[in-house]
Amino acid sequence: MKIYHRSNLSEKKLNEISFFHLKNIKGEFNLFGVEFFKRFYKSISVHRDSKFITLEKKNKIEGFLIYTTSSMALSKIYLKNNVYFFFYFFIRSLTNIKLTTKFIKFLFFGYYLNHLKKKYNYPELISIALNKKFRKKNYGKLLINELKKKLVIKKKNYCIVILRNSKKLKKFYMINSFSETNLKVPFHNVKIFILKKILN
């Protein structure tokens, strides 16, 4: 297994990561489909302060961690590059009440997070995923340690992650030096954890 630090991903890699996300991350917004996530990851790919750390075997992605050291700037790029897509996506979703409801929830989620990022603007662990057959083998810890190294190089002393409220996820992050905050996201069953005092 090899570790790569990537940016400016090819269309092929963006597709691969987007499909990998849908297959290996349980999320309430997965019903938006692969094109939705591909656009998100494309914005990350072109943002100079955001990176992909990938675990690859024979050039095939078996896991990844995605982070940014400037979450507010990334949010602006994402919105700017996709405002028309969001509009047309919403219009198309009107024929599906479940999809419409989830999309409106997604917009409120983004609105709240932007306010949070304006206040703190910490580096953010955006997403992490592993192929099921490589879980519980310390690859998750390996990815987190790679992130820590990058944060030290960038002289960043904090990093937040927004995660689904589950015992397994909370245990994973606590084992890897994150701690739970009292920050809340209205109407979403998520928790916000923080990694702090990275620098000695």
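For clarity, every value in this text was computed on a predicted model and none was experimentally measured.

Student: Give a description of the nonpolar core that names residues and reports values.
Tutor: By size, the foremost hydrophobic cluster in this structure holds 19 residues, and its most contacted members are Phe32, Phe36, Phe86, Phe89, Phe103, Phe106 and Phe109. Within the residue set of this core, elements represented by two or more residues are helix H3 (71–93), helix H4 (97–120), strand E5 (158–164) and strand E7 (190–196). Top contributing element to this core by residue count: H4, with 6 residues.

Student: Mind laying out the environment of Phe40, listing which residues take part and the relevant values?
Tutor: Position of Phe40 among the secondary structure elements: in helix H2 (residues 34–46). Phe40 gets classed as partly exposed once you look at its relative accessible area, which sits at 21%. In this structure, the C-alpha to C-alpha distance between Phe40 and Val185, residues 145 residues apart in sequence, is 20 Å. The residues contacting Phe40, other than those within four sequence positions of it, are Tyr78 and Ile126.

Student: Any chance you could break down the packing of H3 against H4 for me, citing the residues and the numbers?
Tutor: Following both chains from N to C, one finds H3 and H4 inclined at 165°, their axes separated by 12 Å at the closest point. It follows that H3 is roughly antiparallel to H4 by the angle criterion. Remark: the crossing between H3 and H4 carries left-handed chirality. Touching Ser71, Met72, Ser75, Tyr78, Phe86, Phe89, Phe90 and Ser93 of H3 are Leu99, Thr100, Phe103, Ile104, Phe106, Asn114, Lys117 and Lys118, all from H4. Each residue belonging to the contact of H3 with H4 can be placed in one class, and the counts come to 9 nonpolar, 5 polar and 2 charged.

Calculation rules
- Residues numbered from 1 in each chain as written.
- Predicted model: local features only at pLDDT ≥ 70, side-chain atom pairs only at ≥ 80, totals over all residues.
- Heavy atoms only, no water.
- Core = buried A, V, L, I, M, F, W, Y, C linked by side-chain atoms within 4.5 Å.
- Buried < 20%, exposed > 50% of the residue type's maximum accessible area, 1.4 Å probe, protein only.
- Helix = DSSP H or I, 4+ residues; strand = E, 2+ residues; numbered from the N terminus.
- Contact = heavy atoms within 4.5 Å.
- Axes fitted to C-alpha atoms, helices over the stretch in contact; angles between N-to-C directions.
- Parallel < 35°, antiparallel > 145°, perpendicular 65-115°, else oblique.
- Left-handed = near helix turned anticlockwise from the far one by under 90°.
- Nonpolar A, V, L, I, M, F, W, Y, C, P; charged D, E, K, R; others polar.

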